[in-house]
Amino acid sequence: MRIADSAGLTDAGRKRRRNEDSFVVEPPLFAVADGMGGAQAGEVASRLAAAVFREFHEADELAPPERVVAIIREANRRIHERARSDREVSGMGTTITAALLAGDEVAIGHVGDSRAYVLREGRLEQLTEDHSLVADLVRSGRLSPAEAETHPQRSVITRALGTDSEVDVDAFSVAAAPGDVFLLCSDGLTTMVEDDEIRDRIEEAKSLEQAVRALVKSANRHGG
């Protein structure tokens, strides 16, 4: 399987002055990180995570899922150490969702509430499970998906890089098929744009570059 096209885009949106998202488009490796923390801390955390995906090659010989996990754990180590040694960014963290194409499979690694999707034959499927308070409540049956969308604590995540010395990483592989479109995104998209509209914007676009611009435009139109 080969990658026919790839594109990435980030935007500060309409609510915040700073953009705390970072992304990596280094085929066959891709990632998105959404930082959190006061002042510039979230921005620092997401940039550190993205840098590890570009620079860390000690795990290159591992099987794809193990390689993605190793990169994520190295990112966690660097962010945690920086937060401990620099009071200005103490408590910072970031989500991470990553994908690595290897042969006919895509290895996914995931921590937090950024997401991975696959669009196949007109159906958009969420591949990752959010590590968030409302997602846990939905999975336990104590909250409906509709209630989760407006819950006052919907932005509270239960797992992130950098907040502890060790991190639990969700990792798995999915089979890739010709024509698949894989989407990695932060909640800056998914809290603003419904899945059906995400699917429509991708399917209507003539290229992935046009698709990501359309998705950012939709997110900003819905409040950014």
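Here goes a summary of the coordinates provided. (Residues numbered from 1 in each chain as written. Predicted model: local features only at pLDDT ≥ 70, side-chain atom pairs only at ≥ 80, totals over all residues. Heavy atoms only, no water.)

**Structural notes on the overall build of the protein**
How we decide: Starting at the N terminus, helices and strands are each numbered in turn, a helix being any DSSP run of H or I of at least four residues and a strand any DSSP run of E of at least two. The atom set for the radius of gyration is the C-alpha atoms, and the globule formula is 2.2 Å times the number of residues raised to the power 0.38. Residue contacts are defined here by distance: any two heavy atoms, one from each residue, within 4.5 Å place the two residues in contact. Only the protein chains shown count as covering a residue, and every accessible area follows the Shrake-Rupley method with a 1.4 Å probe. Just so you know, the count uses Lys and Arg for positive and Asp and Glu for negative, and it drops His and the chain ends. Throughout, a charge is located at the NZ atom of Lys, the CZ atom of Arg, the CG atom of Asp or the CD atom of Glu.
If you tally the helices and strands in the protein, you get 7 helices and 9 strands. Its C-alpha atoms give the protein a radius of gyration of 17 Å, within 12% of the compact-globule value 17 Å for 224 residues. Considering only C-alpha atoms, the protein reaches an extent of 50 × 45 × 35 Å along its principal axes. Contacts in the protein between residues far apart in sequence, at least 24 positions, make up 63% of those at least 6 positions apart. Of the roughly 11900 Å² of accessible surface on the protein, a fraction of 45% belongs to carbon and sulfur atoms. Charge centroids of the protein, computed over 28 positive and 40 negative side chains, lie 6 Å from each other.

**Structural notes on the sheet that holds strand β9 (residues 181-185)**
The condition is simple: One requirement defines pairing of two strands: DSSP has to find at least two bridges between them. Lines fitted to C-alpha atoms define the axes here, with helix axes fitted over just the stretch in contact, and angles between the N-to-C directions of these axes take values from 0 to 180 degrees.
Taken in spatial order, the 3 strands line up as β7-β6-β9 in an open sheet, and their pairing is antiparallel. Lying at the two open borders of the sheet, with one neighbouring strand each, are β7 (123-126) and β9. Along the sheet, successive strands turn relative to each other by an average axial angle of 25°, direction set aside. Two elements, strand β6 (residues 115-120) and β9, share 5 bridges in a ladder whose sense is antiparallel. Pairing of L119 across the sheet is with V181, part of β9.

**Re the nonpolar core**
Stated formally: To form a nonpolar core, buried Ala, Val, Leu, Ile, Met, Phe, Trp, Tyr and Cys residues must be joined to one another through side-chain atoms within 4.5 Å. When a residue's accessible area, from a 1.4 Å probe over protein chains only, is under 20% of the maximum for its type it is buried; when over 50% it is exposed; and in between it is partly exposed.
Counting residues in hydrophobic clusters, the biggest one holds 30 residues, and the most contacted among them are A49, F53, I72, M92, I96, V111 and L161. At the level of secondary structure, the elements contributing two or more residues to this core comprise β2 (29-36), α1 (41-55), α2 (64-85), β4 (96-102) and β5 (105-111). Ignoring anything within four residues of it in the chain, the contact list for A49 reads A33, A75, I79, T94, I96 and L161. Counting residues in hydrophobic clusters, the runner-up holds 11 residues, among them L119, L183, L189 and I198.

**Observations regarding unusual backbone geometry**
Of the consecutive residues P27 and P28, the connecting peptide bond is found in the cis state with omega at 10°. Checked against the element boundaries, P28 lands in the loop between β1 (21-26) and β2. Its identity as a non-glycine residue notwithstanding, E121 has a phi of 50°, on the positive side. Mapping E121 onto the fold places it in the loop between β6 and β7.

**What to know about the packing of helix α6 (residues 195-204) against helix α7 (residues 208-221)**
Rules: Here a crossing is called left-handed whenever its near helix is offset anticlockwise from the far helix by less than a right angle, and right-handed whenever the offset is clockwise. Residues are grouped as follows: nonpolar covers Ala, Val, Leu, Ile, Met, Phe, Trp, Tyr, Cys and Pro; charged covers Asp, Glu, Lys and Arg; every other residue, Gly included, is treated as polar.
At their nearest, the axes of α6 and α7 sit 8 Å apart, and the two run at 145° to each other. Classified by chirality, the crossing of α7 by α6 is right-handed. For the pair α6 and α7, the contacting residues are E197, I198, R201, I202 and E204 in the first and Q210, A211, A214, L215, S218 and R221 in the second. Its residues assigned to classes, the contact of α6 with α7 shows 5 nonpolar, 2 polar and 4 charged.

**Thoughts on the environment of Y117**
Structurally, Y117 can be placed in strand β6. In sequence terms Y117 and G42 are 75 residues apart; their C-alpha atoms lie 24 Å from each other. Those residues in contact with Y117, other than ones at most four positions away along the chain, are L124, E125, Q126, L127, V181, F182, L183, C185, T190 and D195.

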